[in-house]
Amino acid sequence: MSARALWVLGIFIALVMLLAVGLTLNPREVPSPLVGKAAPPFELPLLRDPDKTFTTKERLGSVWLLNVWASWCVSCREEHPVLLELAKTGAVPVYGLNYKDRREDGLRWLAAYGDPYHLSVVDPQGRIGIDYGVYGVPETYVIDKRGVIRYKQIGPVTREVLAQKILPLVGQLSRE
Amino acid sequence: MIPELGQVALSLALAVALFLSATSLYGAQRSSASLMAFSRPAAQGLALLVAFAFGCLVRSFVANDFSVAYVAMNSNSALPLHYRVAGAWGGHEGSLLLWTLMLGVWMSAVSLFSRHLPEEMTARVLGVMGLISAGFLAFMLFTSNPFDRLLPAAADGRDLNPLLQDPGMVLHPPMLYMGYVGFSVAFSFAVAALLAGRLDATWARWSRPWTTVAWMFLTVGIALGSGWAYYELGWGGWWFWDPVENASFMPWLCGTALIHSLAVTEKRGAFRSWTVLLAIFAFALSLLGTFLVRSGVLTSVHAFAVDPKRGVFILGLFALFVGGALALYAWRTARIGLGGSFSAVSRESLLLSNNVLLAAAAGTVFLGTLYPLALDALGAGKISVGPPYFETVFAPLMAPALFLMGVGPLARWKHSGLPELAVLLRWALAVSFVLGMLLPLALGTWKPMVGFGLFLALWIVLSSLTTLRKSLRQTRAHYGMVVAHIGVAVFVVGVTVVKGYDAEKDAALRPGESLELGGYVFALEGIANANGPNYQAARATVSVTRDGKPITVLYPERRIYTVQQNPMTEAAIDTGLTRDLYVSLGDPLERGAWLVKAQVKPFIDWIWGGCLVMALGGLLAATDRRYRFNVKKETILAEARA
């Protein structure tokens, strides 16, 4: 067996190992640069009552979820039952950011599918979405007592993600 | 009932494949004629069974049988008939079945056109191919069965991905797969020769036509894919260095190197061990391509089946086939031996440089494609490698390869004098240099890269023609080489000019308004509804004039496919020998205006034209008289000895 042949075999084995590791990774899971940074502050009108506003400052001191949703978003319907269950347990309050949507459509959607949100604010132009780096609806942020983003879920929240990532994190953050 | 028949056929095919490889490989080892006698009928039977299964799948598509999960996922009752047929390979399971079918076609071809080969060789080749078939049939049956039932049946299907609803879909995958899978023949010949411990000129001669035909299909397949992306994606680009495009390009580069290396091994007996490695690599890269597309390890527009179980299975197949072949190579390599010697300037040395450059090019594409994966695997962050990397590293490797293409065919085997070559080529060099420098002026502005590209293209054409100067009575294989090299030149012209001079402009137009680009005036005449069988569309009428004279009227569309609600841009293109006019319709804007994108792409069709000419060259070379399968065994052996 020549040295060259061994080299070729060695490189090949390294390649197979690399591909095997690659299989366990998800290329679509892009880490957000915002994780570990302060959540961009905003003050926005409420979906149900446009005369009132909500500001992120109100939430300082407690752990909360910010869920970006829209009536035109099909995957939001997928995660909706999960959010409704979460709301029922009361483990952590969920705040909605109604994103690039029309108020009537948003209200009709909540009437049809149920409202899991403590309250929802509206961002019809998607300004706040830019600050938060939203690139696909739905997205969900876990924000801690000091107002720092600790986790970002891109795409629908599934029961698995909720049970394995979000709820343990919320528990830990509440004790901090 | 029909899907069950297909399922039974696939299971039987798996059994036949295992039987074929067992009897053939064992029979060849023991030189048992009675065992080897099974290999041809078994290979043909296997091909027929897979073809029958494929027929069953097409039949389920045509009959809109939405109780078959795969049909329900990839078809719809409103889908036109020809796309329902092509839909059979529009998804993961069906394209695997197509892959296996192509393998069956190649196996039958080997079994029919191998009368002149020793029985042991044929049996080993078919045995190895049977093993590959068995691997893919098992993959299909255990992880991706196209005949799985959906209970209860769906009322209607989820429709074929709108991007795939295009005539390109009917042709591109079968051609590409014929190429991918065709390299399995060269691979099997190499493994068979390693098993027999006989790697010699005859082995190279037997492999050559098969490799060339596979390469030809791959060339056409890649060109079709590129052309399809050009008019279907609506951006006007023709190559994106997408991981999956790269996955088809790497075997192409490696196969091109293999074709040239086989020539040396056949004529001079040299490069044997390198040639055998290339034969293994070309197929390994095809398998790697399949892995990349099927496993979802890389993000790509093509990656449509993300299922870790499938990834593990196909990685296992990859490790088994390629690892097995490399281990065999490592074990046998001491016995391969060296070929004839040659001096620094000779056809061998030039072909060696060609091989090194092509292999390095394949290596850079490989690095660029897998680097993001490697970084991610090491936990070093997520990056993506794009066109800037590939263009930076690729051009410097290709330029010397293109230059050597002019010299190689004129150099003699063993030893060639530089002065002699210089005398032969001085006119070609002078003319191509002067014209290359002047032609960009005729095209508009002078750009150094365009001048350089045109110089290389002219150089290839003129030096190729120089090989015919002494005599036009050359073998068909020689003409094949000349034609293929001219195809490369045509391709280079297309790439260079379109890169240097393409122009584009976006504008918000209301009906009656127009935009001007490169001397052409694109006027939006109006927008109308144009609904198809399974989509709703807005169709614009854009008239193009130049200096007041009408050139053409184009009808770009913006379609929404009803089932999946995907918006699609159908660009309208006026194709011409020296330029394409390309108009696509964007989103509707406020106050009745529409976003209109107009592009003028000079010489772009030369890119695909060049590929077709290359493939034609491959066809000529592969059908040369000395590869004719009815030539008596004795004459071949006699020639080989000569």
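Residues numbered from 1 in each chain as written. Chains lettered and ligands numbered in written order. Predicted model: local features only at pLDDT ≥ 70, side-chain atom pairs only at ≥ 80, totals over all residues.

## Considerations on the environment of Phe147 of chain B
Residues and elements named next belong to chain B. Here Phe147 is to be found in the loop between α7 (119-143) and α8 (167-196). For the pair formed by Phe147 and Cys56, sequence separation is 91 residues and the distance between their alpha carbons is 9.1 Å. Ignoring any residue separated from it by four or fewer positions in sequence, one finds Phe147 in contact with Pro3, Gly6, Gln7 and Val68. (Helix = DSSP H or I, 4+ residues; strand = E, 2+ residues; numbered from the N terminus. Contact = placed C-beta atoms within 7 Å.)

## Remarks on helix α13 (residues 347-377) of chain B
In a regular helix each residue adds 1.5 Å, so 31 residues correspond to 45 Å; α13 of chain B covers 43 Å between its end C-alpha atoms and thus fits that length. Where α13 of chain B bends most, the angle comes to about 45°, and this point is Leu370 of chain B, followed within four residues by the proline Pro372 of chain B. (Expected span 1.5 Å × (residues − 1). Bend = angle between axes of the 7 residues up to and from the residue.)

## Focus on the sheet that holds strand β1 (residues 503-509) of chain B
All names here are of chain B. Strand order in this open sheet of four strands is β1-β10-β9-β8, and the pairing throughout is antiparallel. A single partner strand is all that each edge strand has here, and the edge strands are β1 and β8 (572-574). Strand-to-strand twist across the sheet, computed as the mean angle between neighbouring axes with direction ignored, equals 15°. By the bridge criterion, seven bridges tie β1 to strand β10 (residues 594-602) in an arrangement that is antiparallel. Residue pairing for β10: Lys505 is matched across the bridge by Ala598. (Pairing = 2+ DSSP bridges. Axes fitted to C-alpha atoms, helices over the stretch in contact; angles between N-to-C directions.)

## Quick look at the domain arrangement of chain B
Residues and elements named next belong to chain B. By domain assignment, chain B separates into domain 1 (1-165) and domain 2 (503-602). Computed from C-alpha atoms alone, the centre-to-centre distance between domain 1 and domain 2 is 42 Å. In this assembly, seven residues from domain 1 lie in contact with seven residues from domain 2. In the side of domain 1 that touches domain 2, the residues fall into four nonpolar, one polar and two charged. (Domains from an automatic or database assignment. Nonpolar A, V, L, I, M, F, W, Y, C, P; charged D, E, K, R; others polar.)

## Brief notes about the environment of Val490 of chain B
Residue and element names in this part refer to chain B. Here Val490 lies in helix α17 (residues 476-501). Taking the C-alpha atoms as reference points, Val490 and Ala78, 412 residues apart in sequence, are found 42 Å from one another. Contact partners of Val490, with chain neighbours within four places excluded, come to Trp606, Gly609, Gly610 and Val613.

## Examining α8 of chain B
Since the α-helix turns once every 3.6 residues, residues separated by three or four places project in the same direction. Helix length check: α8 of chain B (30 residues) gives 45 Å between terminal C-alpha atoms against 44 Å at 1.5 Å per residue, within 8%. Counted residue by residue, α8 of chain B has 25 buried out of 30 residues, so it is predominantly covered. (Buried ≥ 20, exposed ≤ 12 C-beta atoms within 10 Å, placed from the backbone.)

## Focus: the confidence of the model for chain B
All names here are of chain B. Per-residue confidence for chain B gives a mean pLDDT of 87, with 93% of residues at or over 70. Here residues 301-305 scores under 50 on pLDDT; set against residues more than four positions off or in separate chains, the count is 14 contacts. Within the model, pLDDT remains below 50 along residues 630-634, and this stretch shows three contacts once partners closer than five positions in the same chain are excluded. Model confidence for the complex is summarised by a pTM of 0.82, with the ipTM given as 0.72. (pLDDT = per-residue confidence, 0-100.)

## Quick look at the packing of helix α16 (residues 448-466) of chain B against α17 of chain B
Residues and elements named next belong to chain B. The contact between α16 and α17 brings their axes to 9 Å, and the two run at 165°. With respect to their mutual orientation, α16 and α17 come out roughly antiparallel. Every pair of crossing elements has a handedness; the one defined by α16 and α17 is left-handed. Between α16, through Met449, Val450, Gly453, Leu454, Leu456, Ala457, Ile460, Val461 and Ser464, and α17, the contact on the second element is made entirely by Val482, His485, Ile486, Val488, Ala489, Val492, Val493, Thr496, Val497 and Gly500. Counted by class, the contact of α16 with α17 contains 14 nonpolar, five polar and no charged residues. (Parallel < 35°, antiparallel > 145°, perpendicular 65-115°, else oblique. Left-handed = near helix turned anticlockwise from the far one by under 90°.)

## Notes on the nonpolar core
Among the nonpolar cores identified, the biggest contains 208 residues, and Ala13, Leu46, Ala186, Phe189 and Ile280 of chain B are the most heavily contacted of them. Excluding its chain neighbours within four sequence positions, the residues that come into contact with Ala13 of chain B are Leu46, Leu49, Val50, Ala53 and Leu137 of chain B. Leu65, Cys76, Val142 and Leu173 of chain A belong to the second-largest nonpolar core, a separate cluster that totals 32 residues. (Core = buried A, V, L, I, M, F, W, Y, C linked by C-beta atoms within 7 Å.)

## Quick word on the pairing of strand β4 (residues 535-546) of chain B
All names here are of chain B. Here strand β3 (residues 520-529) pairs with β4 via nine bridges, running antiparallel. Residue Gly526 lies in a different strand from β4, and its bridge partner there is Thr541. Joining the antiparallel neighbours β3 and β4 is a turn of five residues. Sheet topology note: the β4/strand β6 (residues 557-561) ladder contains five bridges and is antiparallel. The residue of β6 that forms the bridge with Tyr535 is Tyr561. Examined bridge by bridge, β4 and strand β5 (residues 549-554) share five bridges and lie antiparallel to one another. Each residue of the ladder has a partner; that of Thr545, found in β5, is Pro550. In this antiparallel pair of consecutive strands, β4 and β5, the connection spans two residues, and Asp547 shows a positive phi of 50°.

## Focus: the sheet that holds strand β6 (residues 139-143) of chain A
Residue and element names in this part refer to chain A. If you trace the five strands from one edge of the open sheet to the other, you get β5-β4-β3-β6-β7, paired in mixed fashion. In this open sheet, the two edge strands, each paired with only one partner strand, are β5 (119-123) and β7 (149-154). Ignoring which end each strand starts from, the neighbouring axes of this sheet average 20° apart. Two elements, strand β4 (residues 94-99) and β5, share five bridges in a ladder whose sense is parallel. Its bridge partner lying in β5, Tyr99 is registered against Asp123. Packing against the sheet, helix α5 (residues 159-175) makes contact with β6 and β7, and its axis sits at approximately 165° to β7.

## Description of the packing of α7 of chain B against α8 of chain B
All names here are of chain B. It is the contact of α7 with α8, at a shortest axis distance of 8 Å, that shows an interaxial angle of 125°. Put simply, α7 runs oblique to α8. Seen along the crossing, α7 lies across α8 with a hand that is right-handed. Between α7 and α8, the residues in contact are Glu120, Met121, Arg124, Val125, Val128, Met129 and Ile132 and Ser184, Ser188, Phe189, Val191, Ala192, Leu195 and Ala196, respectively. The residue inventory of the contact of α7 with α8, partitioned by class, reads ten nonpolar, two polar and two charged.

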